[in-house]
Amino acid sequence: MPTATQTFETQRSQISGFPIQDIVKEFGTPCYVYDMSVIEERVRDLSAFDVVRYAQKACSNIGILDRLRRLGVVVDAVSAGEVKRALAAGYDPKKEPHCIVFTADVFDREALAIVKEYGLHVNCGSPDMIQQLGSAVPGSSVTLRINPGFGHGHSQKTNTGGPQSKHGIWHEDVDECLRMADLNNVLVTGLHMHIGSGTDLEHLSQVCESLEKIALQVGRTLTTISAGGGLPVPYRQGQTYVDLDQYYSLWDATRKRLESSFGHPLNLEIEPGRYLVAESGFLIAEIRAVKKMGENIFYLLDAGFNDLARPILYGAYHPISISHRDGRISKQTADVVVGGPLCESGDIFTQEEGGFVAKRNLPVAFVGDFLILEVAGAYGFVMASNYNGRYRVPEVLLEKGKMHCIRARESFEDLIHGEVIPPVG
Ligand code: LLP
């Protein structure tokens, strides 16, 4: 069972032994910082599974992908761009055929071309993909991603199962897809279910039963089953991890029953994104204004929802800590609202689902102090944008006593890259 890495303290002087002041001196604010030792620990937690396939959409910097590759983790890619990121990080599908699996509900033309070029294994989330893959790469083996008819996530927007979800092949269409696979010279060797992100053990466990039923329907061509991702991490005091031993046991028992029906071994994969990187990541910002609006006190930062979109998108809660510029510890606290610099009222980090502004009890802080949004490694930087003409911020990897810049702060040239003023007349 993993133990909580984050302390939920509201004052922080360092990350992985590096004083916040030193990090800021070198990289400025805002900046994303990842603690590699946390990622390593999370990889170790999952070592019982035969294959850990990282859903790189959670944090796809090639510096992180490289380190995960060295730890024996393989990847999932959802676009041609993510396939190219994995290649740039040293994954070599010619040497290890399944080190990159393309998982999606559609092939765009570039994705189908790259799948063909590298002979990538595909996890098909729509029946049309079977036919399209069969005609582009006859003789392919595929995984079917099944929507079991139910789902669950930390928000309705991250629930990927049930009839309202666009994801996966509907569980009642499996026979039809098997016929389609035969007709298109495609062999179904894998079965996959991912019911949502940030779910819980109760819902995750239901997947085993559903997958087992469908696996028996697909039959002996199967060599791999995947539990998908979805493992939650604690964002708030009191939240806990899924009991991984129990979770693994459920999947292992499912796998073993299927192995005895089929008479051959099955690989058991897990496909986490959030679990591997969320707790490693911190977004460090500077408080640039402190103001009172009626009864509310606002801390306004130099980071906004263009840097971390989870609160505005899902009402997601991130732990927040303060680091005083002069290193002092403050005893006084205040209930405050934390917002960013964007010209939008929704640019509030302390909001709940539905956009309701909430207050957070934080140390009394002043302009120039640092505010750290924690557990921000998953779906943080990757969902950043240039909205309001803002540069995307640097990403820094803290590893074995060194600070590595793994992505530079963008410049004005990056901001207007590719834009053209057309000739007049
Ligand atoms: N596998 C598939 C097919 C997925 O669609 C996803 C996530 C994962 C694995 C990884 O799920 P995880 O282990 O990270 O829960 N932006 C949202 C999360 C969207 C998840 C999308 N799919 C957030 O910030 O919470």
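Each remark here, short or long, concerns the structure printed above.
The next thing to look at is the nonpolar core. Of all hydrophobic cores here, the largest spans 108 residues; its most connected members are Y54, L144, L191, Y247, W251 and L371. Broken down by element, the residue count for this core peaks at 8 residues, all from helix α8 (residues 201–218). Excluding anything up to four places from it in sequence, L371 contacts L283, I284, A285, I287, Y299, L301, I320, S321, I322, V338 and L362. The next biggest cluster of nonpolar side chains, apart from the first, holds 14 residues, and it includes I20, I23, V33 and F282.

Here we take up the site of the ligand. Around the ligand, the structure places 18 residues, and the nearest of them are H154, S197, E271, R310 and Y379. Within the side chain of S197, a nitrogen or oxygen atom sits 2.4 Å from an oxygen atom of the ligand. R310 places a polar side-chain atom, nitrogen or oxygen, 2.6 Å from an oxygen atom of the ligand. Here the shell around the ligand is built from residues that sort into 5 nonpolar, 8 polar and 5 charged.

Further remarks concern the packing of aromatic side chains. A complete count under the given rule lists 7 aromatic pairs for this structure. Taking 6.3 Å as the distance between ring centres and 50° as the angle between the ring planes, the aromatic pair formed by F49 and Y247 counts as tilted. Of the two residues, F49 sits in the loop between α2 (36–45) and β4 (51–55) while Y247 sits in helix α9 (residues 244–262), which places them 198 residues apart along the sequence. Residues F49 and Y247 agree in their burial class; the two are buried. On the numbers, 5.1 Å between centres and 80° between planes, the contact of F49 with Y248 is edge-to-face. Here Y248 lies in helix α9 and F49 lies in the loop between α2 and β4, a separation of 199 residues in the sequence. These aromatic residues form a ring-pair network of at least three members: Y32, Y34 and F381. It is R360 that lies over the ring of Y317; its NZ or CZ is 3.8 Å from the centre.

Bringing the pattern of salt bridges into the picture now. Under the counting rule described, the total for this entry stands at 24 salt bridges. Note that D66 is salt-bridged to R67, the shortest N-O span being 2.8 Å. On the basis of relative accessible area, R67 is assigned to the partly exposed category, the value being 24%. One salt bridge in this structure joins E286 and R288, with 2.9 Å as the shortest N-O distance. Judged by relative accessible area, E286 falls into the buried class, the value being 12%. On the basis of relative accessibility, which here comes to 48%, the residue R288 falls in the partly exposed class. Through salt bridges with shared partners, a single network forms among D66, R67, R69, R70 and E399.

Calculation rules
Residues numbered from 1 in each chain as written. Predicted model: local features only at pLDDT ≥ 70, side-chain atom pairs only at ≥ 80, totals over all residues. Heavy atoms only, no water. Core = buried A, V, L, I, M, F, W, Y, C linked by side-chain atoms within 4.5 Å. Buried < 20%, exposed > 50% of the residue type's maximum accessible area, 1.4 Å probe, protein only. Helix = DSSP H or I, 4+ residues; strand = E, 2+ residues; numbered from the N terminus. Contact = heavy atoms within 4.5 Å. Near = heavy atom within 4 Å. Polar contact = N/O pair within 3.5 Å; in protein donor to acceptor, adjacent residues only side chain to side chain. Nonpolar A, V, L, I, M, F, W, Y, C, P; charged D, E, K, R; others polar. Phe/Tyr/Trp six-rings, centres within 6.5 Å; stacked < 30°, edge-to-face > 60°. Lys NZ or Arg CZ within 6 Å of the ring centre and 35° of its normal. Salt bridge = Lys/Arg side-chain N within 4 Å of Asp/Glu carboxyl O.

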